[in-house]
Amino acid sequence: MFAPERHSEAMAKAKRKFVCQQCGTVTGRWQGQCEDCGEWNSIVEEAAETVFSARHDLQGGGRAITLVGLDSRVELPPRTSTGIAEFDRALGGGIVSGSATLIGGDPGIGKSTLLLQAAARIAARGLSVAYISGEEAADQVRLRAQRLGLGNAPVQLASATSVRDILTTLGDGPPPALLVIDSIQTMHSDLIEGAPGTVSQVRASAQELIKFAKQRGTALILVGHVTKDGSIAGPRVLEHMVDTVLAFEGERSHQYRILRAIKNRFGGTDEIGVFAMVAEGLEEVTNPSALFLTHRDETVTGATVFPALEGTRPVLVEIQALVVRLSSGATPRRAVVGWDSGRLAMILAVLEARCGLSFSTAEVYLNVAGGYRLSDPAADLAVAAALISALSERPVAADVVLFGEIALSSEIRPVAHAPLRLREAAKLGFNRAYIPASAADGVKGIAVSGFKTLSQLVDQMLGRG
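Small disclaimer: the values here were computed from a predicted structure and weren't measured.

Rules used in this analysis
Residues numbered from 1 in each chain as written. Predicted model: local features only at pLDDT ≥ 70, side-chain atom pairs only at ≥ 80, totals over all residues. Heavy atoms only, no water. Helix = DSSP H or I, 4+ residues; strand = E, 2+ residues; numbered from the N terminus. Contact = heavy atoms within 4.5 Å. Areas by Shrake-Rupley, 256 points an atom, 1.4 Å probe, with all protein chains shown as cover. Lys, Arg positive; Asp, Glu negative; His and termini not counted. Charge placed at Lys NZ, Arg CZ, Asp CG, Glu CD. Buried < 20%, exposed > 50% of the residue type's maximum accessible area, 1.4 Å probe, protein only. Pairing = 2+ DSSP bridges. Right-handed = clockwise from strand over helix to strand, strands pointing away. pLDDT = per-residue confidence, 0-100. Axes fitted to C-alpha atoms, helices over the stretch in contact; angles between N-to-C directions. Arc of directions from axis to C-beta. UniProt positions renumbered as here; feature names shortened; annotations may be inferred. Phe/Tyr/Trp six-rings, centres within 6.5 Å; stacked < 30°, edge-to-face > 60°. Salt bridge = Lys/Arg side-chain N within 4 Å of Asp/Glu carboxyl O.

**Observations concerning the overall build of the protein chain**
Secondary structure assignment for the protein chain yields 13 helices and 23 strands. On the principal axes, the C-alpha backbone points of the protein chain span a range of 100 × 55 × 50 Å. Long-range pairs, those at least 24 residues apart, make up 66% of the contacts in the protein chain with a sequence separation of at least 6. For the protein chain, the computed accessible surface area is about 23600 Å², with 51% contributed by carbon and sulfur atoms. Between the mean site of the 46 positive side-chain charges and the mean site of the 49 negative ones, the protein chain shows a separation of 2 Å.

Right under this line is the structure:
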């Protein structure tokens, strides 16, 4: 007598589901603003699970999987070089067969150019490469390849957005060694409802493409759009699904580009690849310090050189400071480009409270030359020296590099990989280094001066006895 009731429950109408297209938050009703991420007009209705599918028992009917121990021998995955050393460096040594890589960056930064160059070099070695563009027609991609001098590369090119069509085409013959999808936000799966670019479509399309790559041993590279704050558009689960996430950084007004690994299951996330945009496409930069150092014939006040570290690669950058005295009593301005404004405020506070220097009536401007962005706390000492130099109008010698972390007590703390930073500075012609006293062992070819506190550096720069 209860069968009709169970039948009606199983056939009940599916509940409505609304999903935010920015953060993936699910709600039971539509609303103008997402409560989690704060975006407006980003919530879209999507198909929901039925009561039957939600309650279906998954504890039987499947196939048994093989469990192995941690002590099982595992061979290192084979890698394929892209032919671009800087690209290989960011990937951890090359592309892994059967892996999925997501690369994101601002529009026009050079993502498609880099992947087209890599695809052409891999195809030139006799490997099968498929390049699928969902944003441009095949002729547009072909014209770009000709401008880059890659018109004769044996790359298989197509313009498509249907995941079913793409996988059907690729499944007919031997799988390609490399499959490039440009971009994942334009792909569409007919298994679910929704327009291309929605959370559900991006997730489903990526899942089918990654499944194909894992089963057939194809290296998959997905191009991802970014939001206005620079993060990859779509659900964050997309970054969890892939093996490697690369961010292509840089300003279109600057020549350089940096390819940075954010996630890498087959390598480290501390390596970068550096490129320069030229008329022939992206060109590798084997000596990044040449991009970020200003060549000056005479010493300049407010300028110091800091040996930054990106993974195992030291990069020398110039830090520039300008201090302008105000006589009107107006509120002084603090402007920072390429560094953390909160850390600048901390350095200024330490210089005032611990070292007796006054910046309260002066405007302070800080810039990292070349558009480089620093997050290394070892830059504290170089920033402090630039500020001291700009305030006192006493230049730091052109052959000096500085690095060290500054504590609130004005103590100069040691930083990682000091010998590596010093060797790079010595190789580029710098003769002296101001560093923490606890790391003052030094290396051959460069004279080291160690400082325990920031006050000692101030005394030396200002000639105090």
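**Examining the pairing of strand β7 (residues 129–133)**
Each regular strand shows side chains that alternate between the opposite faces of the sheet. Counting buried positions along β7 yields five of five residues, so the element is predominantly enclosed. Note that β7 and strand β8 (residues 156–159) share four bridges and pair parallel. Bridge assignment links Ile132 to a residue of β8, and that residue is Ala158. Handedness of the β-α-β unit built from β7, helix α5 (residues 138–147) and β8 comes out right-handed.

**Let's talk about the confidence of the model for the protein chain**
Looking at the protein chain as a whole, the pLDDT averages 86, with 90% of positions reaching at least 70. In the model, residues 7–12 has pLDDT below 50 throughout and makes four contacts with residues more than four positions away in sequence or in other chains.

**Observations concerning the pairing of strand β17 (residues 334–337)**
Taken together, the four bridges between β17 and strand β18 (residues 362–368) define a ladder with parallel strand orientation. Counterpart to Val336 in the pairing with β18 is Leu366. Remark: the β17/helix α10 (residues 341–355)/β18 crossover connection has left-handed handedness.

**Looking at the sheet that holds β7**
Within the open sheet, the nine strands sit side by side as β8-β7-β9-β10-β6-β11-β12-β13-β14. Their pairing is mixed. Pairing within the sheet leaves two strands with one partner each, and these edge strands are β8 and β14 (281–284). Sheet twist, expressed as the mean angle between neighbouring strand axes with direction ignored, is 25°. Two strands pair when backbone bridges link them, and strand β11 (residues 244–249) and strand β12 (residues 256–264) are joined in this way by six bridges, in the antiparallel orientation. Considered in β12, the bridge of Glu249 is made with Ile258. Along the sheet, α5 contacts β7 and β8; its crossing angle with β8, the most-contacted strand, is approximately 140°. With respect to the sheet, helix α7 (residues 199–216) is in contact with β6 (100–105), β9 (178–182) and β10 (219–224), its orientation differing from that of β10 by roughly 160°.

**Structural notes on helix α6 (residues 163–171)**
Every buried residue of α6 is listed here: Val163, Ile166, Leu167 and Leu170. Burial along α6 is one-sided: seen end-on, the buried residues are contained in an arc of 90°. Looking at the buried side of α6, the elements it contacts are β7, β9 and α7.

**Some details on the UniProt feature "binding site: ATP" (unreviewed entry) in the protein chain**
UniProt's feature table lists "binding site: ATP" (unreviewed entry) at Gly105, Asp106, Pro107, Gly108, Ile109, Gly110, Lys111 and Ser112, given in the numbering used throughout. Judged by relative accessible area, which is 1%, Ile109 ranks as buried. Not counting chain neighbours up to four residues away, the residues in contact with Ile109 comprise Phe248, Glu249, Gly250, Glu251, Arg257 and Met277. Within the secondary structure, Gly110 sits in the loop between β6 and α4 (111–124).

**Focus: unusual backbone geometry**
Along the chain, Asp182 connects to Ser183 via a cis peptide bond; the corresponding omega equals 10°. In this structure, Ser183 sits in the loop between β9 and α7. Positioned with a positive phi, Ser410 is a non-glycine residue whose angle comes to about 80°. The topology assignment puts Ser410 in the loop between β20 (405–406) and β21 (412–413).

**Regarding helix α13 (residues 454–462)**
Among all positions in α13, only Leu454, Leu457, Val458, Met461 and Leu462 are buried. With its buried residues spanning 120° around the axis, α13 presents them on a single face. Where α13 is buried, its residues contact α10, α11 (380–392), β20, β21, β22 (432–436) and β23 (447–451). Residue Gly463 follows α13 closely and has a positive phi angle near 70°.

**Digging into the packing of aromatic side chains**
Applying the stated rule across the entire model yields two aromatic pairs. With a centroid separation of 6.1 Å and an interplanar angle of 80°, the aromatic rings of Phe248 and Phe275 are classed as edge-to-face. Highlighted residues: Phe248 in strand β11 and Phe275 in strand β13 (residues 272–278), separated in sequence by 27 residues. Look at Phe275 and you get buried, because its relative accessible area is 0%. Aromatic side chains Tyr434 and Phe451 sit 5.4 Å apart centroid to centroid with 75° between the ring planes, which places their arrangement in the edge-to-face category. Here Tyr434, found in strand β22, pairs with Phe451, found in strand β23; they are 17 residues apart in sequence, far enough to count as distant. Classification of Phe451 as buried rests on a relative accessible area of 4%.

**Some points on the pattern of salt bridges**
Following the criterion strictly, the structure yields eleven salt bridges and no others. Asp243 is paired through a salt bridge with Arg265; the nearest N and O atoms lie 2.9 Å apart. Taken together, the positions of Asp243 in the loop between α8 (237–241) and β11 and Arg265 in the loop between β12 and β13 put the pair 22 residues apart, joining distant regions of the chain. Classification of Arg265 by relative accessible area gives partly exposed; the value is 46%.

**A look at the UniProt feature "domain: RecA family profile" (unreviewed entry) in the protein chain**
Here the UniProt-annotated "domain: RecA family profile" (unreviewed entry) positions come out as residues 76–226. The distance separating the terminal C-alpha atoms of residues 76–226 is 32 Å; by composition the span is 38% helix and 20% strand.

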